[in-house]
Amino acid sequence: MPELPEVETIARQLRGMVVGRTVSGFEAAWHRLTEPEPATLVSARLAGRRIEAVRRRGKLVVFELDGAEALVVSLRMTGRLLFRAPGAPDGDRFTRGTISFADGSTLAFSDIRKFGRMTLVDRADIAPEGGAAPGLARAPLHASLGMEPLSRGFTVRWLADFLRRRGRSAVKPLLLDGRGIAGIGNIYAIEALWRARIHPLRLAGSLRPDEVTALHEALRWVLRKGIRLGGASRRDYVDARGQAGRMQREFELYGRAGEPCSRCGGEIRRTVVGGRGTFHCPRCQRAPRRR
């Protein structure tokens, strides 16, 4: 599943590809792509609109349009956004929707598993980088996103306060909840916890000040490295040019069960935490004591 570095890579590439282009049409090849709004209505609303900016919010790609609206794309598990120059063939049998531009270029949304979505929203409804207002637990995803971990607001003090308020929660599932911290997925949470020497099942409120500082540094470090390497391509992910990322070559833990830890030589173990496959080193990441 694309996480923050993969979505950021796509958004940065698309800025140089589609900003300034005018939409001439939109066609959906799958009826649920834009639900609950019919694709025909989305097409009518997009026609003639100019793309002014492309950015990332959490794991969403946000296309800011002229006026006060934005097209929000959720890639979910297998979604891809692929830009094609004028005259280039599609050649992808999993294309679920296509945005056509006035100059003949296109932006295709491909999705093998059909979990991805595209929706038009008011820009004002997208949660700011500092996080959504309280009471939005049941709001649409774009309106309920939490703090951006690479923003200036994501400080050690903010993280310490956040962990203290969620003190009875295990730290790894807490990192994956985008309503608190936006964009961190399973892979990067695993890598950051290893770097910070924190066991995935540690209670958030049990972390010492030095551990909170280490976790803050680790999260930003692994996310920035992921962006620098163009994301991780374990299965389906490719960037907007159709190229694979390189971060998967740098994983310390993910997918390495049974191998020795590069830091201490301990055997890496795979467990399940919060319903997600999790990897940790029992030597480097001491398990919490059972009461």
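You'll find the structure just up there.
Residues numbered from 1 in each chain as written. Predicted model: local features only at pLDDT ≥ 70, side-chain atom pairs only at ≥ 80, totals over all residues. Heavy atoms only, no water.

Caption draft 1: Layout of the overall build of the protein. If you tally the helices and strands in the protein, you get six helices and ten strands. At 20 Å, the protein has a C-alpha radius of gyration in line with the 19 Å of a compact globule built from 291 residues. Projected onto the principal axes, the alpha-carbon positions of the protein cover approximately 60 × 40 × 30 Å. Residues classed as buried in the protein amount to 51% of the 291 residues present. Of the contacts made within the protein by residues no fewer than 6 positions apart, 62% connect residues no fewer than 24 positions apart. For the protein, the accessible area works out to roughly 14,000 Å², and carbon and sulfur atoms hold 48% of it. Each charge sign in the protein was given a centre, from 52 positive and 30 negative side chains, and these centres are 8 Å apart. (Helix = DSSP H or I, 4+ residues; strand = E, 2+ residues; numbered from the N terminus. Rg over C-alpha atoms; globule rule 2.2 N^0.38 Å. Buried < 20%, exposed > 50% of the residue type's maximum accessible area, 1.4 Å probe, protein only. Contact = heavy atoms within 4.5 Å. Areas by Shrake-Rupley, 256 points an atom, 1.4 Å probe, with all protein chains shown as cover. Lys, Arg positive; Asp, Glu negative; His and termini not counted. Charge placed at Lys NZ, Arg CZ, Asp CG, Glu CD.)

Caption draft 2: Local environment of the packing of helix α3 (residues 156-165) against helix α6 (residues 209-228). Where α3 meets α6, the axes come as close as 9 Å, and the angle between the chain directions of the two elements is 115°. The crossing of α3 and α6 is right-handed. Only V212, T213, L215 and H216 of α6 make contact with α3, whose side of the interface consists of V156, L159, A160 and L163. Residues belonging to the contact of α3 with α6 are distributed by class as follows: six nonpolar, two polar and no charged. (Axes fitted to C-alpha atoms, helices over the stretch in contact; angles between N-to-C directions. Left-handed = near helix turned anticlockwise from the far one by under 90°. Nonpolar A, V, L, I, M, F, W, Y, C, P; charged D, E, K, R; others polar.)

Caption draft 3: Examining the sheet that holds strand β4 (residues 69-74) more closely. Spatially, four strands are ordered β2-β3-β4-β8 in an open sheet, and the strand pairing comes out antiparallel. Here the strands that pair on one side only, and so sit at the sheet edges, are β2 (51-57) and β8 (117-122). Sheet twist, expressed as the average angle between the axes of neighbouring strands with direction ignored, equals 25°. Taken together, the six bridges between β4 and β8 define a ladder with antiparallel strand orientation. In the sheet register, V73 faces β8, and the bridge partner there is M118. (Pairing = 2+ DSSP bridges.)

Caption draft 4: Molecular detail of the state of the cysteines. What the rule picks out here adds up to zero disulfides. In this structure C264 is a free cysteine whose sulfur lies 3.4 Å from that of C284, the closest cysteine sulfur available. By relative accessible area, which is 29% here, C264 ends up partly exposed. (Disulfide = S-S within 2.5 Å.)

Caption draft 5: Region of the structure containing the pairing of strand β6 (residues 95-101). When you tally the buried positions in β6, you get five out of seven residues, the bulk of the element. Where β6 meets strand β7 (residues 106-111), five bridges bridge the pair, whose relative direction is antiparallel. Bridge pairing in β7 links S100 to T106. The hairpin turn running from β6 into β7, its antiparallel successor, is four residues long, and G104 in that turn takes a positive phi close to 100°.

Caption draft 6: Looking closely at the nonpolar core. By size, the foremost hydrophobic cluster in this structure holds 32 residues, and its most contacted members are L159, L163, V171, L175, I181 and L215. Looking at this core, the elements that each hand over two or more residues are α3, α4 (171-176), α5 (186-196) and α6. Broken down by element, this core gets its largest block of residues, seven residues, from α6. Contact partners of I181, with chain neighbours within four places excluded, come to M147, P149, F154, W158, L159, F162 and L175. Counting 30 residues, the second largest nonpolar core, distinct from the first, contains L14, L46, V54 and F63. (Core = buried A, V, L, I, M, F, W, Y, C linked by side-chain atoms within 4.5 Å.)

Caption draft 7: Structural view of the side chain of D92. Among the secondary structure elements, D92 is positioned in the loop between β5 (79-84) and β6. R84 provides the closest opposite charge to the buried, unpaired D92, separated from it by 4.5 Å. In this structure the side chain of D92 is engaged in a polar contact, spanning 2.9 Å, whose partner is the side chain of S110. In this structure D92 touches L82, R84 and S110, once residues within four positions along its chain are discounted. (Salt bridge = Lys/Arg side-chain N within 4 Å of Asp/Glu carboxyl O. Polar contact = N/O pair within 3.5 Å; in protein donor to acceptor, adjacent residues only side chain to side chain.)

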